[in-house]
Amino acid sequence: MNSIIKQSFRQSSPFTLHLLSVILGSSFAPDKSRGPDEYHMELPFRYILTVSELTQEIKDILETRFPDIWVEGEISNLRIPPSGHIYFTLKDEFSQIRAVLFKRRARALRFSPEDGLHAICRGRVGLYEKRGEYQIILEDMEPKGIGALQLAFLQLKERLQKEGLFDISHKTSIPVIPQHIGIVTSPTGAVIRDMLQIIQRRFDNVHILLYPVRVQGEGAALEISKAIKYFNERMEVDVIIVGRGGGSLEDLWAFNEEAVARAMYHSKIPIISAVGHETDYTIADFVADLRAPTPSAAAELVVKDKQEMKSTLHYFEGRLKSQILQILQENRIDLSHLRKLLKDPRKRIEEYFLRVDDLINRFLFLTSWTLKRKREKGFHLSERLALRNPIQQIKNLRLLISEGRKRLEQNMSHSIEIQKQKLEGVLGKLDSLSPLSILQRGYSITRKIPSLEILRDAAHVREGDRVEVRLYKGILLCGVEKTENS
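Residues numbered from 1 in each chain as written. Predicted model: local features only at pLDDT ≥ 70, side-chain atom pairs only at ≥ 80, totals over all residues. Heavy atoms only, no water.

## So, the overall build of the protein
Item 1. A tally of regular secondary structure across the protein gives 14 helices and 16 strands.
Item 2. Residues counted as buried form 29% of the 486 residues belonging to the protein.
Item 3. Contacts spanning at least 24 positions in sequence make up 59% of the contacts within the protein whose residues lie at least 6 apart.
Item 4. Entry remark: accessible area of the protein is about 33500 Å², with carbon and sulfur atoms responsible for 54%. (Helix = DSSP H or I, 4+ residues; strand = E, 2+ residues; numbered from the N terminus. Buried < 20%, exposed > 50% of the residue type's maximum accessible area, 1.4 Å probe, protein only. Contact = heavy atoms within 4.5 Å. Areas by Shrake-Rupley, 256 points an atom, 1.4 Å probe, with all protein chains shown as cover.)

Here it is as structure tokens:
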């Protein structure tokens with residue numbers, strides 16, 4: 001029996017022999033006096049392990065042997081339950097192993113793991129006793145071939161772009177001449193000094209409000225987003241500049257945080273992003289209403305050069321004056337033309353007189369013609385009546401004649417009344433234009449005696465001259481005692 005056991009141990013792997021030596025202790029050890037392949041065993045009659053004991057022994061061996069390892073492979077079967085832990089399988093061409101990244105460590109990741117991503121993981125080997133499965137309990141992981149920050153940048157950019165945070169339709173224009181400018185940056189360093197110098201040089205009477213923040217490191221993104229919200233709550237500035245100087249991707253990472261992007265998106269005040277150098281792009285650049293390649297460029301973009309604006313205003317002022325003079329000249333020509341077209345009121349009165357006369361003549365002619373026709377018709381009826389001797393016809397004809405006369409009289413009266421009303425209307429208009437109606441309102445006509453020349457100027461008479469003053473009712477003969485020229 002012992003020979004059979006020994007033969008089995010000779011064919012076992014070193015790992016199995018080590019495991020048994022740990023489990024059995026000193027009762028199983030190699031016998032050096034019998035050669036390297038001979039083992040001396042002193043086994044109890046029946047030493048039986050429970051599953052839990054065996055599992056615990058294996059767990060201790062794995063955790064002791066692999067306390068800190070690096071493993072690379074492809075992520076598959078990724079799942080993130082409500083607990084926040086990340087479970088997935090790490091595999092290569094021939095094998096696979098389960099892995100878990102607990103929530104506390106997962107929050108520190110700069111990127112989001114996904115199926116198919118080739119990753120390098122650091123952790124320790126552990127064994128989940130309830131299922132008897134060994135797995136890697138991860139401490140950290142990063143994508144292979146691309147940095148974790150760069151991958152996180154690309155993933156966040158893609159997600160925010162799908163949500164519409166980069167849409168041009170949401171961006172607002174920068175004010176042409178902002179009176180108050182808010183700056184969110186570090187209060188120390190060359191960036192704020194350069195921007196202040198440029199703004200003061202280009203437009204010296206602009207008010208600047210600085211909200212000092214950290215521009216890198218832990219908590220910087222939170223301070224930047226709070227600064228943007230502060231300016232929007234107070235509404236004391238016309239435009240906001242958010243920026244910092246150049247640096248590595250890690251240095252600029254605060255401007256790639258989702259909190260900063262959403263604060264800029266919800267800002268009611270236009271925002272200029274001025275982060276890093278011209279070649280540096282951050283999430284803030286895509287969300288902002290305007291991207292400046294550098295902070296100094298942002299200072300030049302936010303305000304126009306005062307001297308250039310003055311020159312432009314002078315140019316447009318000259319053009320405006322020229323246009324106004326041209327319009328006035330054209331209006332003078334139009335006014336002169338209208339004066340020529342305007343008729344003398346006396347001519348219009350004469351035209352009304354002629355029109356009244358014409359209406360009277362037409363009325364008289366129409367009345368005479370109507371009477372003549374009626375007479376002719378009556379004479380014709382009388383002749384026809386005379387031709388018919390029967391008494392009844394005579395009575396009927398007399399009745400018809402009587403009715404015809406009544407209708408004739410009614411028509412004539414109605415026609416005369418209409419023409420009379422028209423004539424009164426025309427005469428009323430004529431009377432309103434008559435000089436007598438002017439005299440009735442208290443005016444008078446003064447004429448020099450004996451020439452009866454109408455006086456329009458006091459200089460045309462002397463003291464002692466006699467004048468005739470025509471009133472609405474009556475005439476006054478007066479003598480001139482004194483003249484005054486107003």
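## Section: the layout of surface pockets
Item 1. Computed from the structure, the largest pocket encloses a volume of approximately 540 Å³.
Item 2. Along the walls of the largest pocket sit 20 residues, with Leu109, Arg110, Phe111, Ser112 and Arg159 positioned nearest its centre.
Item 3. The set of elements that each furnish at least two residues to the lining of the largest pocket consists of helix 4 (103-106) and helix 5 (148-163).
Item 4. Among the elements that make up the lining of the largest pocket, the one with the highest residue count is helix 5 (four residues). (1 Å grid on protein atoms, 1.4 Å probe; cavity = no way out; pocket = protein on both sides within 12 Å on 5 of 7 lines; lining within 4 Å. Points joined across faces, edges and corners; volume = space filled by probe spheres on them.)

## Considering the packing of aromatic side chains
Item 1. In this structure the tally under the stated criterion is six aromatic pairs.
Item 2. Between the aromatic rings of Tyr211 and Tyr230, the centroid separation amounts to 5.3 Å while the plane-to-plane angle is 55°, which identifies the pairing as tilted. In this pair, Tyr211 is assigned in strand 9 (residues 207-212) and Tyr230 in helix 7 (residues 220-234), connecting sequence segments 19 residues apart.
Item 3. In this structure Tyr211 comes out as partly exposed when scored by relative accessible area, which is 24%.
Item 4. Looking at Tyr230, the relative accessible area reads 30%, which means it is partly exposed.
Item 5. Put simply, the rings of Phe166, Tyr281 and Phe286 pair up and form one aromatic cluster.
Item 6. Across from the ring centre of Tyr87, 4.7 Å away, lies the NZ or CZ of Arg79, which sits over that ring.
Item 7. Here Arg291 stacks its cationic end above the ring of Tyr281, 3.9 Å away from the centre of that ring. (Phe/Tyr/Trp six-rings, centres within 6.5 Å; stacked < 30°, edge-to-face > 60°. Lys NZ or Arg CZ within 6 Å of the ring centre and 35° of its normal.)

## Thoughts on the packing of helix 7 against helix 8 (residues 258-265)
Item 1. Between helix 7 and helix 8, the least distance of the axes is 8 Å, while the angle of their chain directions is 10°. Relative to helix 8, helix 7 is oriented roughly parallel. Mapping the contact onto sequence places Ala221, Ile224, Ser225 and Ile228 in helix 7 and Ala259, Val260, Ala263 and Met264 in helix 8.
Item 2. Split into classes, the residues belonging to the contact of helix 7 with helix 8 amount to seven nonpolar, one polar and no charged. (Axes fitted to C-alpha atoms, helices over the stretch in contact; angles between N-to-C directions. Parallel < 35°, antiparallel > 145°, perpendicular 65-115°, else oblique. Nonpolar A, V, L, I, M, F, W, Y, C, P; charged D, E, K, R; others polar.)

## Focus on the environment of Leu471
Item 1. Relative to the elements of secondary structure, Leu471 occurs in the loop between strand 15 (466-470) and strand 16 (475-479).
Item 2. Using a relative accessible area of 30% as the deciding quantity, one classes Leu471 as partly exposed.
Item 3. Through-space distance from the C-alpha of Leu471 to that of Ile438 is 9.9 Å; in sequence the pair is 33 residues apart.
Item 4. The contact partners of Leu471, leaving out residues within four places of it in the chain, are Leu439, Ser444 and Leu476.

## A look at the nonpolar core
Item 1. Within the largest apolar cluster, 51 residues are counted, with the highest numbers of intra-cluster contacts made by Phe88, Met141 and Ile224.
Item 2. For Met141, the contacting residues outside a window of four places in its chain are Ile75, Phe88, Leu101, Leu109, Phe111, Pro113, Ala119, Ile120 and Cys121.
Item 3. The next biggest cluster of nonpolar side chains, apart from the first, holds 21 residues, and it includes Met195, Ile199, Phe203 and Ala298. (Core = buried A, V, L, I, M, F, W, Y, C linked by side-chain atoms within 4.5 Å.)

## Describing helix 6 (residues 190-202)
Item 1. Here helix 6 spans 18 Å end to end across 13 residues, near enough to the 18 Å set by a 1.5 Å rise per residue.
Item 2. For helix 6, the complete set of buried residues consists of Val191, Ile192, Met195, Ile198, Ile199 and Arg202. Along the axis of helix 6, the buried residues cluster in a sector spanning 135°; they form a single face. Summarising the geometry of helix 6, the exposed residues directed more than 90 degrees from the buried face are Gln197 and Arg201.
Item 3. Buried residues belonging to helix 6 abut strand 8 (180-185), strand 9, strand 10 (239-244), helix 10 (295-302) and helix 11 (306-341). (Expected span 1.5 Å × (residues − 1). Arc of directions from axis to C-beta.)

Everything listed is a geometric property; what it means functionally is a separate question.
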